[in-house]
Amino acid sequence: MTDRTPRNNRITPEEALAYHMEPRPGKYDVVASTPMATQRDLSLAYSPGVAVPVEAIAARPETAYDYTTKGNMVAVISNGTAILGLGNLGALASKPVMEGKAVLFKRFADVNAIDIELDTEDPDAFINAVRLMGPTFGGINLEDIKAPECFIIESRLKEVMDIPVFHDDQHGTAVICAAGLLNALELSGKKIEDVRIVLNGAGAAGIACLELLKSMGARHENCIMCDTKGVIWQGRTEGMNQWKSAHAVATEARTLEDAMKGADVFLGVSAKGAVTQAMVASMADNPVIFAMANPDPEITPEDAHAVRPDAIVATGRSDYPNQVNNVLGFPYLFRGALDIHARAINDEMKIACARALAELAREDVPDEVAVAYGRKLRFGRDYIIPTPFDPRLIHVIPPAVARAGMETGVARRPIIDMEGYVQSLKSRMDPTAAILQGIHARARRAQARMIFAEGDDPRVLRAAVSWSRTGMGQALVVGREAEVKAELEALGLGDAWREITVVNAANSRHLDAYHDFLYQRLQRKGVDREDAFKLANRDRHIFAALMLAHGHGDGLVTGATRKSAPVLAQIGHVFDVRPQDGTVGITAVLHRGRIVLIGDTLVHEWPEAEDLADIATRGADVARSLGLEPRVAFLSFSNFGYPVSERATKMAQAAHVLDARRVDFEYEGEMTVDVALNREAAARYPFSRLTGPANVLVVPARHSASISVKLMQEMAGATVVGPILTGVPRPIQICSTGSTVSDILNMAAIAAGGLTTAR
């Protein structure tokens, strides 16, 4: 089941509405993938050029996959009759969910998806509307349609359409459930054809789970399905329909409690608390419990393990091990199906997806996943299903699905070069979200007391509240109590007053210690005791830094209300953060699936060769903390000595400095940015030591670094994280004045991770 409301991720209504409204309403745009700048471009895109592919498709319909987006386009369609756990709220109300599903397709498998909401509860009208849209799409993903209409709609559409039709609420859950169960049974030493399975929840997902498991070898007579009225047994008439009847068995059991006695497997897609500890205690040795109800499981792992330590437990939630999450399935199922121009997604393709997921969980987990989750994941009782941010999913699951489709005859265009196909899938991987996810995962484990120095700013207050409510740790806000409380009320967050801690000079018990510390540090720099007193009392940046220096917080984020240079200068009263102290600002720029780190964007105004080498080393450290293998390029307007320039020479000298230091990362320079980032341009210099495009760019001066970052941000719409302050004595991050709430949270998460402090 798709994770919806983790207990440590409480989202306020204000946050949710702001997310969907800013920077503009909705969650995705449609962007042209071909040039649209000149009259010639427009003539090719529309009239008269468009007539040529029109005639080609009319003559050979299969070429629509070559000349249009059909082959990489899925429709996400609902009528809003079963929206999440909210019920029948109508087609229009389902649009945010369908947009969300569309962006998940793009994020995880680079599948273009368009949401379509049909304003009808008549299955025939719904079926006809979707059927008529068939020429537009390469596949149909049905979502949030109530039972039993969802069964009728999917079945009929499969009959009348020649593209894949997939109801994710049914089959997505079933595929991930099957993958996890295969591994759970492997660890338990049991076989699917021998185990007794009890399923509670006879809706779309439950029925699909049982049907898929039976197609994989589970025996009909060993499977008991239950609903709100108890066991579905042969002869029962109350609350029955044709889909439930297909799973009725001859049994004396009449209640869920009866059914679970001696059962090997429990599958729950029902409701919170449906399973008791007594029921779990009555199960067979080494029981498998998939309590997948959302937002709260049928029984929590803690309660299950309290009575059965030998149980393997999975839920639908991200805050427990073994999350059954649909996003592990549907994007990759469609990716594989689209790439063979499939006519359908059949059981064999779903089984192939489940088996590939199960096998992936048994393999050694990549370092970047370990970085994101803060521990080395290994196949075992707490890791039977891959994590959603495993970068291998994109190039492991679709090929398995594609092979199954080809073997079962639903492929219009089989893949000839499977190895080449796998490589092409690897190039689709977007590291951006995985990197940000890793940053936040590390921060959540750290549970830092984060100091937010600018409590009078509404963005900072919203970020502080989110820090607390999303389970990241304790939020310490520097500000005046009355002003903070009033601002929270104005933001509609009045109830958050008790969730944050407001700190200032007036209420601090440590002010004398702060004064003494600051005076001792500055007394030989022309600052007398009275000056030190005023600095600590009146400047929030200094006060916040003093809190951090004395261990009264674990990290500090500031800079949203004041330019970075004066903020850094104020922090410098408390910590050594000068260039000569080893402090460097590294900015992460994320765009279209690529990430580069640019330095120094904050500290070094005009670095010389030794400074540039320091910047490179700090940049490499940040790269590794983000799960990247660093490749450093010293950038200039020249390549390896031509044209000759004093400014270019220092970039080449920086590489020689690293030669002497014998560092353990790749570096090269001087070079132009295209040679650093473009494989074809780099190929002209076969002697280069870089084995691939650079991901750490060291530029000649701070102004050029700043220009580069802002140009990418404004012209290309790149996501910018930073500058990340590294080489500092304690975890401190400085935001830009234009930071959004998300930007501030990202910087706080980086500070909490503790990976950028001085070594």
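Keep in mind that this is a model prediction, so the values were computed, not measured.

A. Representation of the overall build of the chain within the structure. Scanning the chain for helices and strands turns up 31 helices and 21 strands. A globule of 759 residues ought to have a C-alpha radius of gyration of about 27 Å, and the chain, at 29 Å, matches this closely. Over its C-alpha atoms, taken along the principal directions, the chain stretches across nearly 95 × 65 × 50 Å. Out of the 759 residues in the chain, the part that is buried amounts to 53%. A sequence separation of at least 24 residues applies to 71% of the contacts in the chain between residues at least 6 apart. When the accessible surface of the chain is totalled, it reaches about 32700 Å², and 52% of it is carbon and sulfur.

B. Expanded view of the nonpolar core. Grouped together as the largest cluster of nonpolar side chains are 105 residues, with contacts concentrated most on Ile-140 and Phe-290. The element best represented in this core is helix α8 (residues 168-188), accounting for 10 residues. Those residues in contact with Phe-290 that lie beyond four places of it in its chain are Cys-177, Gly-180, Leu-181, Phe-266, Leu-267, Gly-268, Ala-314, Val-324 and Ile-384. Counting residues in each nonpolar core, the second largest holds 62 residues, with Ala-623, Ala-654, Val-657 and Ile-744 among its members.

C. Summary view of helix α26 (residues 609-625). Taking 1.5 Å per residue as the helical rise, α26 with its 17 residues ought to reach 24 Å, and the 25 Å between its terminal C-alpha atoms agrees with that figure. Extensive coverage of α26 is indicated by the burial of 12 of its 17 residues. For α26, the set of buried residues is Ala-609, Leu-612, Ala-613, Ile-615, Ala-616, Arg-618, Gly-619, Ala-620, Asp-621, Val-622, Ala-623 and Ser-625. Positive backbone phi, at 85°, marks Gly-627, one or two positions downstream of α26.

D. Structural detail: the confidence of the model for the chain. Of all residues in the chain, 96% attain a pLDDT of 70 or more, and the chain-wide mean is 89. For residues 1-8, every residue scores under 50 in pLDDT, and the model assigns this stretch 36 contacts once sequence neighbours within four places are set aside.

E. Just the sheet that holds strand β4 (residues 165-167), in detail. Pairing is parallel across the open sheet formed by four strands, whose spatial order is β2-β1-β3-β4. The sheet is open, and its two borders are formed by β2 (112-117) and β4, each paired with just one other strand. Each strand of the sheet is rotated relative to its neighbour by a mean of 25°, with strand direction disregarded. As defined by bridge partners, strand β3 (residues 139-142) adjoins β4 across three bridges and the pair is classed as parallel. When the bridges of β4 are listed, Ile-140 appears paired with Val-165. Along the sheet, α8 makes contact with β3 and β4, crossing β4 at roughly 75°.

F. Focus on the pairing of strand β1 (residues 73-78). Taken across its six residues, β1 has six buried, putting it largely inside the fold. The two faces of β1 match: Met-73, Ala-75 and Ile-77 on one face and Val-74, Val-76 and Ser-78 on the other face are all buried. Pairing of β1 with β2, which is carried by six bridges, proceeds in the parallel orientation. The residue of β2 that forms the bridge with Ser-78 is Glu-117. Note that the unit made of β1, helix α5 (residues 95-109) and β2 has a crossover that is right-handed. Relative to β3, β1 runs parallel, the two sharing four bridges.

G. Main features of the pairing of β3. Residues of β3 alternate between two faces, with Gly-139 and Asn-141 on one and Ile-140 and Leu-142 on the opposite face, all of them buried. For the handedness criterion, the β-α-β arrangement of β3, helix α7 (residues 149-160) and β4 is classed as right-handed.

H. Focus on the pattern of salt bridges. Summed over the entire model, instances satisfying the criterion amount to 39 salt bridges. In this structure, the salt-bridge partner of Lys-95 is Glu-117, at a minimum N-O distance of 3.7 Å. Of this pair, Lys-95 sits in helix α5 while Glu-117 sits in strand β2; the two residues are 22 residues apart in sequence, bridging distant segments of the chain. For Lys-95, a relative accessible area of 29% gives the class partly exposed. Note that Asp-124 and Arg-156 form a salt bridge whose closest N and O atoms lie 3.3 Å from each other. A residue pair is termed long-range when its members are at least 10 positions apart, and Asp-124 in helix α6 (residues 123-132) and Arg-156 in helix α7 qualify at 32 residues. Residue Asp-124 is classed as partly exposed on the basis of its relative accessible area of 45%.

I. Quick peek at the packing of aromatic side chains. Overall, the coordinates contain 10 aromatic pairs when judged by the stated rule. Between Phe-665 and Tyr-667, the ring centres sit 6.2 Å apart and the planes meet at 70°, which makes this aromatic pair edge-to-face. Like Phe-665, the residue Tyr-667 is buried in the burial classification. Ring plane angle 80° and centroid distance 6.0 Å describe the contact between Tyr-685 and Phe-687, whose orientation is recorded as edge-to-face. Ring pairing ties together the aromatic residues Phe-105, Phe-166, Phe-330 and Phe-334, which thus form one cluster. Note that Lys-101 overlies the ring of Phe-330, its terminal NZ or CZ placed 4.2 Å from the centroid. A cation over an aromatic ring shows up here: Arg-107 above the ring of Phe-108, its NZ or CZ 4.5 Å from the ring centre.

J. Broad picture of the environment of Glu-629. Secondary-structure assignment places Glu-629 in the loop between α26 and β17 (631-635). Along the backbone, Glu-629 and Glu-666 are 37 residues apart, and their C-alpha atoms lie at a distance of 8.8 Å. Glu-629 has contacts with Arg-624 and Asn-695, leaving out every residue within four places of it along the chain.

K. Layout of the sheet that holds strand β5 (residues 197-200). Pairing in this open sheet of six strands is mixed, and the strands run β7-β6-β5-β8-β9-β10 from one edge to the other. Among the strands making up the open sheet, the edge pair consists of β7 (230-231) and β10 (312-315). Summarising the sheet, strand β6 (residues 223-227) and β7 pair through two bridges and their orientation is antiparallel. Each residue of the ladder has a partner; that of Asp-227, found in β7, is Gly-230. Its contacts with the sheet put α8 on β8 (265-268), β9 (288-291) and β10, and the angle it makes with β9 is roughly 160°.

L. Structural view of the state of the cysteines. A complete count under the given rule lists zero disulfides for this structure. Between Cys-223, a cysteine without a disulfide, and Cys-177, which holds the nearest cysteine sulfur, the sulfur-to-sulfur distance is 11 Å. Of the cysteine sulfurs around Cys-353, a residue in no disulfide, the closest is that of Cys-177, at 13 Å.

M. Fine view of helix α17 (residues 393-407). Taking 1.5 Å per residue as the helical rise, α17 with its 15 residues ought to reach 21 Å, and the 21 Å between its terminal C-alpha atoms agrees with that figure. Most of α17 sits out of view: 11 of its 15 residues are buried. Those residues of α17 that fall on the buried side of the exposure criterion are Leu-393, Ile-394, His-395, Ile-397, Pro-398, Pro-399, Ala-400, Val-401, Ala-402, Ala-404 and Gly-405. Close packing links the buried residues of α17 with α5, α14 (330-339), α15 (347-362) and α18 (418-427).

What counts, and at which threshold
Residues numbered from 1 in each chain as written. Predicted model: local features only at pLDDT ≥ 70, side-chain atom pairs only at ≥ 80, totals over all residues. Heavy atoms only, no water. Helix = DSSP H or I, 4+ residues; strand = E, 2+ residues; numbered from the N terminus. Rg over C-alpha atoms; globule rule 2.2 N^0.38 Å. Buried < 20%, exposed > 50% of the residue type's maximum accessible area, 1.4 Å probe, protein only. Contact = heavy atoms within 4.5 Å. Areas by Shrake-Rupley, 256 points an atom, 1.4 Å probe, with all protein chains shown as cover. Core = buried A, V, L, I, M, F, W, Y, C linked by side-chain atoms within 4.5 Å. Expected span 1.5 Å × (residues − 1). pLDDT = per-residue confidence, 0-100. Pairing = 2+ DSSP bridges. Axes fitted to C-alpha atoms, helices over the stretch in contact; angles between N-to-C directions. Right-handed = clockwise from strand over helix to strand, strands pointing away. Salt bridge = Lys/Arg side-chain N within 4 Å of Asp/Glu carboxyl O. Phe/Tyr/Trp six-rings, centres within 6.5 Å; stacked < 30°, edge-to-face > 60°. Lys NZ or Arg CZ within 6 Å of the ring centre and 35° of its normal. Disulfide = S-S within 2.5 Å.

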